[in-house]
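Breakdown of the fold
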Amino acid sequence: MLAEIADLNAAVNEGVRKRDALAARLDALKLGLDRKDGARHVLESGLPGVLGSLAAGISVQGGCEAAIAAALGEASEAVLVQDKDAADAVLRRLKDDDAGRVSLLLASAAALQPEDGPDQPLPDGAQWAADLVDGPAGHVSLVRHLLSRTVVVTGIDAAAALVAAVPVLTAVTREGDVFTAISATGGSAKAPSLLEVQAAADDAGRGLSAVTADLERNRFALAAAEARRAGAQEEADAALDKLHESDARLAAVAERLGHLNSVLRSAVGESERLAASLARAEGNVAAEEEALAAVTARLAAAQEMPVEEEPSTEQRDALARAASAARAAEVEARLSLRSAEEQLVATRNRVASLERAAATERRAREEAAVRARRRRIQARRAAAVSAGVELALGYVDVSVDLARHERDLAEENRELRDRGLRDMREANDALARELAQLTDNVHRDELARTQQRARIEAVETRSVDELGITPEALVAEFGPHVPVPVPAEESGDKWAALRAPVDADGEEIKEGKPYVRQEQEKRLRKAERDLASLGKVNPLALEEFAALEERHQFLSTQLEDLKASRRDLLDIIKEVDNRVQRVFAEAFEDTQAQFIRVFERLFPGGEGRLVLTDPADMLTTGIEVEARPAGKKIKRLSLLSGGERSLTAVALLVAIFKARPSPFYVMDEVEAALDDTNLGRLITIFEELRESSQLIVITHQKRTMEVADALYGVTMRGDGVSTVISQRLGSEV
């Protein structure tokens, strides 16, 4: 399953690479289709009757694109239009815009029947070119008409033989060489035609779709395989857990048996060690008695010295309890005081709020009383005004009648005056418009004359400054009355300059076409575009070239220095890698040899060794430890008991110590999981290491302490403070 997943991952990565490569190729081909010429101008002009590019509408059989493009010639990049009217409009637009040339195909000619080729059968390997093209009916009809007598053959010899046999045919090789009865066209490769680029773009698009589909299928298959692998991994983990439990039970039974055997052996050894210890103890009794007498004397002297009395433990506890009670009472008092202060502040805030509310209510009552008095006064005034209004209404009615009569009279007078004023205004407006028109005409004429004079002066100045010719001479030689000479490249006759007529003095007689302003303005625009495309003249080009050449030389020198430095660094890296490999190999060999010897001493009858996971690459290889105690066939460390694993790890450390000695070693309870037998073997190894190095061992084992030269421990005094004690051992003490 892992191999399947690896294959699917490789397939997915390869699919992504192919998809990206095809996408980049498709983008590049689309850029190649986007050509800046007359065809592009026509396709973007939006003229009615333009149906699109011929190459975009047809497809060619694979491998024959170059042959069909060569057979079609300029028609392979032609634009398809509806009829002759559309073609006429397109050509006029190209000439007006000076946008280049284009080949046009008339869709209305699709109904024409293609000319039939000769009845003679084609030789082997030859095909009618029209049969290699596919697409819409209108496009294919035009292409078949163009390729009616064209045959695609395999090579130049076959093409020459076919044309010699049937002169009316046109033979095209797959490489694009064209043969007719009177001509042959071909040679080395040229820029691909639009038809070839379009075919390559279509192939790239189809390939991209296929690769994308394969990529998606591989991704789905990879997801399914990953799911299956996850399920299988879970089952394997469950089986491995069961295997570990079984191994652990077997290891526990084996460890129990080994422990009982070691207890028996350690009991015999302990009795022998106790006898030896008793003999040594009897020999040291005299020395210890003398030391005891000295210590007793020092103790008596110390007891005679005055000692500061310390309070008893009960008194200290009573004082501590009293202090705690006092602190608790102080805290309670502070809390009560804080609560009372907060209540006092809250009461004061509430009193202030009530006082502000009462003051607001009093002000509101006073304002209501003032508003009531004001309303009563306003009511009395309103009653008086109402009485006066009733009296005034009678006078107003009379005044209104009189005013109405006077208004009617005034309206009649106003109408008469308005009619007279309107007539006067109309006459005045007509005169003002006439005056404004005359003024505008005068100003426009003055402005036109001023502009014309400015243009004439600018042209005269430009003629003198740029051409060095006076305006009169310029008009006399190049004026509109002088025929415009036709350049040789426009007339199509490259020998026209040699056939030009001359006068009696040998001077060329000027001939040409009449001056047409629009044509000459178009020629001027084209010449200005050509001049602009040339760019500006740089007078500092030589200085810039010298500066760039100097910088190029400097950068080349720097690049050579960098290359030399890179070579030196690579040599150093190679030398360091070789030295690392050599040192590592030597260290591994020494450690492996020491591990075999140490393992055999710690596991009598057993075998152990170190194995490289990748001996061919010493820089990245790992190291595996193989251990087989006596009477077992186990090599995996996970199947060993806890004591055996610990002892194997100690064997590896000791092998490293022996292979590469150090001044001192620090070990923290490395023998905690060992029984007495294995502990005795390890102590023997410690004694060997002690001969050349200093050992600092953190341990709880009594036997390890017995072989030490000095003991260091931590204890707690009666006042609760920890202190460090030390004791030197050995015969020299």
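As a starting point, this report considers the structure included with it. Just so it is clear, the model here is predicted, and its values are computed rather than measured.

1. Thoughts on the sheet that holds strand S4 (residues 104-106)
- Spatially, 3 strands are ordered S1-S3-S4 in an open sheet, and the strand pairing comes out mixed. Each having just a single partner strand, strand S1 (50-53) and S4 make up the two edges of the open sheet. Going from strand to strand, the sheet's axes swing by 30° on average, the running direction of each strand aside.
- Pairing of S1 with strand S3 (residues 79-81) involves 3 bridges; the strand directions are antiparallel. Within the sheet, the bridge partner assigned to Ser53 lies in S3 and is Val79.
- In the packing of helix H4 (residues 84-97) onto the sheet, contacts are made with S1, S3 and S4, and the angle to S4 comes to roughly 165°.

2. A short note on the packing of aromatic side chains
- For the structure shown, the criterion picks out 4 aromatic pairs.
- Between Phe599 and Phe603, the ring centres sit 4.5 Å apart and the planes meet at 25°, which makes this aromatic pair stacked.
- With relative accessibility at 0%, the residue Phe599 sits in the buried group.
- Their ring planes at 25° and their centres at 3.9 Å tell us that Phe657 and Tyr665 sit as a pair that is stacked. In this structure, Phe657 and Tyr665 share a single accessibility class: buried.

3. What to know about the pattern of salt bridges
- This structure, assessed with the given rule, holds 12 salt bridges.
- Asp408 is the partner of Arg407 in a salt bridge, and the nearest nitrogen-oxygen pair spans 3.7 Å.
- Residue Asp408 is classed as partly exposed on the basis of its relative accessible area, which comes to 39%.
- Between Arg690 and Asp709 there is a salt bridge, and its shortest N-O distance comes to 3.5 Å. Linking Arg690 in helix H14 (residues 676-690) with Asp709 in the loop between helix H15 (702-706) and strand S15 (710-716), this pair joins segments that are 19 residues apart in sequence.
- Of the residues examined, Arg690 reaches a relative accessible area of 34% and is grouped as partly exposed.
- Put simply, Glu411, Arg414 and Asp418 are held in one network by salt bridges that share partners.

Procedures and definitions
- Residues numbered from 1 in each chain as written.
- Predicted model: local features only at pLDDT ≥ 70, side-chain atom pairs only at ≥ 80, totals over all residues.
- Heavy atoms only, no water.
- Pairing = 2+ DSSP bridges.
- Helix = DSSP H or I, 4+ residues; strand = E, 2+ residues; numbered from the N terminus.
- Axes fitted to C-alpha atoms, helices over the stretch in contact; angles between N-to-C directions.
- Contact = heavy atoms within 4.5 Å.
- Phe/Tyr/Trp six-rings, centres within 6.5 Å; stacked < 30°, edge-to-face > 60°.
- Buried < 20%, exposed > 50% of the residue type's maximum accessible area, 1.4 Å probe, protein only.
- Salt bridge = Lys/Arg side-chain N within 4 Å of Asp/Glu carboxyl O.

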